[in-house]
Amino acid sequence: MKIEFGAPTQPETGAHVLGVFEDGVLTPSAEELDGRLDGALRRAIGASRFTGKARQMLDVLAPAGLPVARLVLAGLGKPAVLDQRAAEDLGGAIFGHLAGTGTKRVTVSLDPVDGSPLIAAEIGARLAYGFRLASYRFDLYKTKQKPEDKPALERLSVMLDGHSAAKKAFAGLDKVADGVFTARDLVSEPANVLYPATLVERAKELSKLGVEIDVLSEKDMRKLGMGALLGVGAGSQHDSYIVVMQWNGGKKGKAPVAFIGKGVTFDTGGISIKPAAGMEDMKWDMGGAAAVVGLMKALAGRKAKVNAIGIIGLAENMPSGTAQRPGDVVTSMSGQTIEVINTDAEGRLILSDVLW
């Protein structure tokens, strides 16, 4: 998905999106185009239930003489509530409205919004960010897709005065989106592909961005006395790991912010096994670790001026002849003993050692 910013001009192809405030009040760009079209936009609004409420969309057949294939009126709601989140939601709504239409290019005309807490450049950047977030797909394992099911949107162009400022503001958000997509990719992978060792390799990729990576093996954890975490992974054929990710973008010597993530790549519950229904969703039990990896990628990608450490504890909670049992007692790194009453309470065991 290519996202670009430019000065106001007449789009040459695809879909042209114009804003409308609540109660059908046209923005200056929409007002100007409506004048050239002899009131076609106002007539379309009058013939519909479109009122300009936030994220409402109305398609208008592009009259002859316009180079674009379709016009879309996008509801902005009330100016006073057009904040960062609302602008992002608007971008997502535009993507959702056009994603299944076959349109390849979308052009959005933006005007300054009196009464909004954001200037036009901020609205444009946040709208583009929401648009990109909404464009995420995970279809790596789909072997049969009809052509009409494949994404067609290729480019978003945001036209506004102050487009250079919007482009600069979006640059950092674009790197945050990279981190979000990484986290989404990780939680979407099946557990036979993403297990502790392969998640370690995914985390190591952040070294390309300047993140320092340290990996603790089971041997390392035994030396440190991490019996709580090791107990969770005892029943799996896959080794457990801890990954420490450091981003040093702040002042030297300043204490870092720390982020801790639970990374159970699959959680059967262990000997205290979960019911079969819905167990496939337990591949998501590493969502905390995925969020931390994505966060560290976002910080490094945008060269954040902060010192940060992300630590993720990775294990697979499986039932087997080597799995820990209800009633077992393990010793955590802090030296405290823990009686395991239910092996499905694995999260607190992992996090106790990672936090310590």
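Overview of the structure. (Residues numbered from 1 in each chain as written. Predicted model: local features only at pLDDT ≥ 70, side-chain atom pairs only at ≥ 80, totals over all residues. Heavy atoms only, no water.)

**A short note on the sheet that holds strand β10 (residues 257–267)**
So, step 1. Strands sit in the order β8-β9-β11-β10 across an open sheet of four strands; the sheet is mixed. With one partner strand each, in any of the chains shown, β8 (212–216) and β10 form the two edges of the open sheet. The sheet shows a mean angle of 15° between the axes of neighbouring strands, taken without regard to direction.
So, step 2. Note: β10 against strand β11 (residues 307–317), nine bridges, orientation parallel. Note on β11: the bridge partner recorded for Gly263 is Leu314.
So, step 3. Its contacts with the sheet place helix α6 (residues 196–204) against β8, β9 (241–248), β10 and β11, and it is angled at close to 10° to β9. (Pairing = 2+ DSSP bridges. Helix = DSSP H or I, 4+ residues; strand = E, 2+ residues; numbered from the N terminus. Axes fitted to C-alpha atoms, helices over the stretch in contact; angles between N-to-C directions. Contact = heavy atoms within 4.5 Å.)

**Structural notes on the layout of surface pockets**
So, step 1. For the largest pocket, the calculated volume is near 210 Å³.
So, step 2. Lining the largest pocket are 16 residues, with Pro8, Thr9, Ser29, Glu32 and Ser109 sitting closest to its centre.
So, step 3. Among the secondary structure elements, those contributing two or more residues to the lining of the largest pocket are β2 (15–21) and α1 (28–36).
So, step 4. Of the residues that constitute the lining of the largest pocket, the class distribution is seven nonpolar, five polar and four charged. (1 Å grid on protein atoms, 1.4 Å probe; cavity = no way out; pocket = protein on both sides within 12 Å on 5 of 7 lines; lining within 4 Å. Points joined across faces, edges and corners; volume = space filled by probe spheres on them. Nonpolar A, V, L, I, M, F, W, Y, C, P; charged D, E, K, R; others polar.)

**Some thoughts on the pattern of salt bridges**
So, step 1. As enumerated under the stated definition, the model contains 19 salt bridges in all.
So, step 2. Look at the salt bridges and you will find they share partners, linking Glu4, Arg105 and Arg155 into a network. (Salt bridge = Lys/Arg side-chain N within 4 Å of Asp/Glu carboxyl O.)

**Points about the packing of helix α5 (residues 163–188) against helix α9 (residues 287–301)**
So, step 1. The geometry of α5 relative to α9 is characterised by a closest axis approach of 7 Å and an angle of 155° between their N-to-C directions. The angle between α5 and α9 falls in the class roughly antiparallel. When the axes of α5 and α9 are compared, the crossing they make is right-handed. Contacts from Lys175, Val176, Asp178, Gly179, Thr182, Ala183, Leu186 and Val187 in α5 reach Gly287, Ala290, Ala291, Val293, Gly294, Lys297, Ala298 and Gly301 in α9.
So, step 2. In terms of residue class, the contact of α5 with α9 is made up of eight nonpolar, five polar and three charged. (Parallel < 35°, antiparallel > 145°, perpendicular 65-115°, else oblique. Left-handed = near helix turned anticlockwise from the far one by under 90°.)

**Section: α1**
So, step 1. Regarding α1, the residues found buried are Ser29, Ala30, Leu33 and Asp34. Looking straight down α1, one finds its buried side chains confined to an arc of 130°; they lie on one side. Exposed side of α1, more than 90 degrees from the buried face: Pro28 and Gly35 are the residues found there.
So, step 2. In this structure, the buried side of α1 is in contact with β2, β3 (25–26), α2 (40–46), β5 (70–77) and β6 (105–109).
So, step 3. Positive backbone phi, at 55°, marks Asp38, one or two positions downstream of α1. (Buried < 20%, exposed > 50% of the residue type's maximum accessible area, 1.4 Å probe, protein only. Arc of directions from axis to C-beta.)

**Looking at the side chain of Thr27**
So, step 1. Note on placement: Thr27 falls in the loop between β3 and α1.
So, step 2. At a separation of 3.4 Å, a polar atom in the side chain of Thr27 contacts the side chain of Asp111.
So, step 3. Setting aside chain neighbours within four positions, we find Thr27 in contact with Gly19, Val20, Phe21, Leu76 and Asp111. (Polar contact = N/O pair within 3.5 Å; in protein donor to acceptor, adjacent residues only side chain to side chain.)

**Looking at the pairing of β6**
Each regular strand shows side chains that alternate between the opposite faces of the sheet.
So, step 1. Here β6 lies mainly inside the structure; four of its five residues are buried.
So, step 2. In terms of strand pairing, β2 meets β6 through four bridges, oriented parallel. Residue pairing in the sheet places Val17 in a bridge with Val108 of β6.
So, step 3. Read from β6 through helix α4 (residues 120–134) to strand β7 (residues 155–159), the crossover connection turns out right-handed. (Right-handed = clockwise from strand over helix to strand, strands pointing away.)

**Section: the nonpolar core**
So, step 1. Grouped together as the largest cluster of nonpolar side chains are 40 residues, with contacts concentrated most on Ile94, Val106 and Leu156.
So, step 2. Those elements that provide at least two residues to this core are β1 (2–6), β2, β5, α3 (84–98), β6, α4, β7 and α5.
So, step 3. For this core, the element with the most residues is α4, which contributes nine residues.
So, step 4. Not counting residues within four places of it along the chain, the set of residues in contact with Leu156 comprises Met1, Lys2, Ile3, Glu4, Val106, Val108, Leu127, Ala128 and Phe131. (Core = buried A, V, L, I, M, F, W, Y, C linked by side-chain atoms within 4.5 Å.)

**Examining empty space enclosed by the protein**
So, step 1. With the rule as written, the count across this model stands at three cavities of 30 Å³ or more.
So, step 2. Taken as a whole, the largest cavity spans an internal volume of roughly 40 Å³.
So, step 3. Around the largest cavity sit Val17, Leu18, Gly19, Ala74, Leu76, Leu90, Ile94, Val108, Ser109, Leu110 and Leu127, which together line it.
So, step 4. For the lining of the largest cavity, the elements supplying multiple residues, two or more each, are β2, β5, α3 and β6.
So, step 5. In terms of residue class, the lining of the largest cavity is built from nine nonpolar, two polar and no charged.

**Side note on the pairing of β5**
So, step 1. Burial of β5 is extensive: seven of the eight residues sit out of reach of the surface.
So, step 2. Examined bridge by bridge, β2 and β5 share seven bridges and lie parallel to one another. Each bridged residue has a counterpart across the sheet, and for Leu18 the counterpart in β5 is Leu73.
So, step 3. Where strand β4 (residues 57–61) lies against β5, five bridges are found, and the strand directions are antiparallel. Opposite Val60, over in β5, you have Leu71 as the bridge partner.

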